[in-house]
Amino acid sequence: MADETVSALVRDATARLTASGACSPRLDAELLLAHVLRIDRTGVIAHPDVPVGPGQKAQYEAAVTRREAGEPVAYIRGFREFHGLALATDARALIPRPETELLVDAAIDEVSARLTAAPRSPSAPALRVADVGTGSGAIALALLAALRARRMAEQVMVVATDASAAALDLARENAVGHGLADRTVFVEADLLPPVVDPPYEVLCANLPYVATAQIDGLARELAFEPRGALDGGPDGLDVVRRLLDRLPGALAADGVALLEIGADQGETVVEAVANRLPGWHCSVQPDLAGLPRVARVARAAAGGSTQGAVE
Ligand code: GLN
C-alpha cells in the first residue's frame, strides 16, 4: 500500500469520528496522529504533506478505532495536560478536567498566603494539606508543582486519599514522575482516615458530584471512567455531605476546605453547610464561565466572606 500523507489520514479519521458522534472530531484526529507520530499537534497541522509509513498508519487506525468506540482521547494517549503538568491517565481514575484548575488556583493562593504570613522553618512541622479523593493525583501534584516553583513546596505535606487502591497506584506513579513523591503521603480511605491527627490546614476535594440520573445522559466518554468518581447519588451531593460531616474533626481551627461542586449546586451546598455545620460559613466562587464551581468552607471564626454568600 502506498504511504499516505498526514492530511489524508487526518481527513479520513475526522470523517470516521464525526460519524461516530465525537464532539471534537478534527481535534481528536490531530491529537491522536500527533501521539502516534510522537510529535505535537502543531507539527501535524504544519506538515500536512509528510508521508506516514504503514506501521504508524496501522497504529493510527487502531487509535481511531478506540476513539470511534467512545474511549476518551486522554486514555488512548495515556496522559492529559492539567495545570501545566502532563499527568498519566488511564481507566484507574477520572481524567483531570479543566474546571478543576480553578480549585488548584484557589488552593495555591490559600497555601501560599498562609506560608507567606507564617513561613515554616525546616525544623517545624510542615503545613498539612489534604487532597480527598485524589484520583490521578491531579490536585495534589499541580498544587505542589506550583509551590515548588515558588520555593515553598518543602514547607508543605499533602495527604492524598482515595477509596480506590488502583487510583492511588496511578497517583503515586504521577507523583514519582513529577518528582513530588517526597511531599505526598498516599492513604487508602473512604474520604479520610478514621482519625485525622493533627488536622489539616487546607483540605481540597473534587469528589463525585454528578446526580446518578444524569450520568447516563452525559457524554458516552464517561462510561469509560470509574463511575465511583462521578456518581454523587440522587442530587449529586451525597459524598460531599459525608465529607462536610467529617470537617469538624479533620480541619484545624483556622483550616479551610475547598470543594469542587457542580454548576447547579451552589445554593444546595451553602444550605447543607448551614444545616450540618452550625457556626461555619460557606462561600462559592464562580468559574470563568460565571458558574458556581468552588465552595470554600470554614469555621466562622476562621474569617472569610459573609456567611452563606453565593458570590
Ligand atoms: N466535572 C465532571 C463532569 O461533569 C464531574 C467531576 C466530578 O464528579 N467530580 O464530568
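For the structure itself, consult the block above.
Cut-offs used in this document
- Residues numbered from 1 in each chain as written.
- Predicted model: local features only at pLDDT ≥ 70, side-chain atom pairs only at ≥ 80, totals over all residues.
- Heavy atoms only, no water.
- Helix = DSSP H or I, 4+ residues; strand = E, 2+ residues; numbered from the N terminus.
- Rg over C-alpha atoms; globule rule 2.2 N^0.38 Å.
- Buried < 20%, exposed > 50% of the residue type's maximum accessible area, 1.4 Å probe, protein only.
- Contact = heavy atoms within 4.5 Å.
- Areas by Shrake-Rupley, 256 points an atom, 1.4 Å probe, with all protein chains shown as cover.
- Lys, Arg positive; Asp, Glu negative; His and termini not counted.
- Charge placed at Lys NZ, Arg CZ, Asp CG, Glu CD.
- Pairing = 2+ DSSP bridges.
- Core = buried A, V, L, I, M, F, W, Y, C linked by side-chain atoms within 4.5 Å.
- Axes fitted to C-alpha atoms, helices over the stretch in contact; angles between N-to-C directions.
- Left-handed = near helix turned anticlockwise from the far one by under 90°.
- Nonpolar A, V, L, I, M, F, W, Y, C, P; charged D, E, K, R; others polar.
- Salt bridge = Lys/Arg side-chain N within 4 Å of Asp/Glu carboxyl O.
- Disulfide = S-S within 2.5 Å.

K.L.:
In this structure, what is going on with the overall build of the protein? I would like to understand it.
P.N.:
When its secondary structure is counted, the protein shows 11 helices and 11 strands. In terms of overall dimensions, the protein is globule-like: its C-alpha atoms have a radius of gyration of 21 Å, near the 19 Å expected for 311 residues. Each principal axis of the C-alpha distribution contributes one length, and for the protein these read about 70 × 45 × 35 Å. Across the 311 residues in the protein, those meeting the buried criterion constitute 50%. Across the protein, contacts joining residues at least 24 apart in sequence account for 69% of those joining residues at least 6 apart. With the model as given, the accessible surface of the protein reaches about 13800 Å², and the carbon-plus-sulfur share is 56%. Each charge class in the protein was averaged separately, 29 positive and 41 negative side chains, and the resulting centres sit 3 Å apart.

K.L.:
Explanation requested: the pairing of strand β4 (residues 85-88) in the structure shown.
P.N.:
Two faces belong to every sheet, and in a regular strand the side chains alternate between them. Of the two faces of β4, the one lined by Leu85 and Leu87 is fully buried and the one lined by Ala86 and Ala88 carries no buried residue. As paired strands, strand β3 (residues 79-82) and β4 are joined by four bridges and run antiparallel to one another. Looking at β4, one finds that Phe82 is bridged to Leu85. Where β3 hands over to β4, the hairpin turn is made up of two residues, of which His83 adopts a positive phi near 50 degrees.

K.L.:
Help me understand the nonpolar core in this model?
P.N.:
Membership of the largest hydrophobic core comes to 39 residues, with the highest contact counts inside it found for Val111, Val129, Leu143, Val156 and Leu258. Beyond its immediate sequence surroundings of up to four residues, Val129 is in contact with Val111, Leu143, Val156, Met157, Val158, Val159, Tyr200, Val202 and Cys204. Residues Leu203, Leu237, Leu244 and Ala295 belong to the second largest nonpolar core, which totals 31 residues.

K.L.:
Just checking my understanding: could you explain the packing of helix α10 (residues 238-250) against helix α11 (residues 266-276) for this structure?
P.N.:
What describes two packed helices is the angle between their axes and the distance between those same axes. At a minimum axis separation of 10 Å, α10 and α11 run at an interaxial angle of 35 degrees. Crossing handedness for the pair α10 and α11: right-handed. Residue-level inspection shows Arg241, Leu244 and Asp245 of α10 in contact with α11, the latter providing Ala272, Val273 and Arg276. Of the residues that constitute the contact of α10 with α11, the class distribution is three nonpolar, no polar and three charged.

K.L.:
Please clarify how the side chain of Glu201 should be interpreted in this entry.
P.N.:
Within the secondary structure layout, Glu201 lies in strand β8 (residues 200-205). Not counting residues within four places of it along the chain, the set of residues in contact with Glu201 comprises Arg114, Arg120, Leu127, Arg128, Leu251, Ala252, Gly255 and Val256.

K.L.:
Would you mind showing me how to read the pattern of salt bridges here?
P.N.:
Close approach of charged atoms allows side chains with opposite charge to pair. What the rule picks out here adds up to 25 salt bridges. Among the salt bridges present, the one from Arg114 reaches Asp254, with a minimum N-O distance of 3.8 Å. Linking Arg114 in helix α6 (residues 100-117) with Asp254 in strand β9 (residues 251-260), this pair joins segments that are 140 residues apart in sequence. Taking relative accessible area as the criterion, Asp254 reaches 43% and is therefore assigned partly exposed. Where Asp235 meets Arg241, a salt bridge forms, and the shortest distance between an N and an O atom there is 2.9 Å. You can call Asp235 partly exposed: its relative accessible area is 33%. Through salt bridges with shared partners, a single ionic network connects Glu110, Arg114, Arg120, Glu201, Asp254 and Arg296.

K.L.:
Honestly, the state of the cysteines in this entry has me stumped. Any pointers?
P.N.:
Put plainly, a disulfide is one covalent bond tying together the sulfur atoms of two cysteines. Within the structure shown, the criterion is met by zero disulfides. Unpaired in this structure, Cys282 has its nearest cysteine sulfur neighbour in Cys204, at a distance of 15 Å.

K.L.:
What's the story with the pairing of strand β11 (residues 292-299) in this structure? I'm lost.
P.N.:
Among the eight residues of β11, six are classified as buried, and the element is accordingly described as predominantly covered. Relative to β11, β9 runs antiparallel, the two being bridged by five bridges. Residue pairing for β11: Leu259 is matched across the bridge by Ala295. The pairing of strand β10 (residues 280-286) with β11 spans seven bridges and is classified as antiparallel. The residue bridging His281 from the neighbouring strand is Ala298, located in β11. Where β10 hands over to β11, the hairpin turn is made up of five residues, of which Gly290 adopts a positive phi near 80 degrees.

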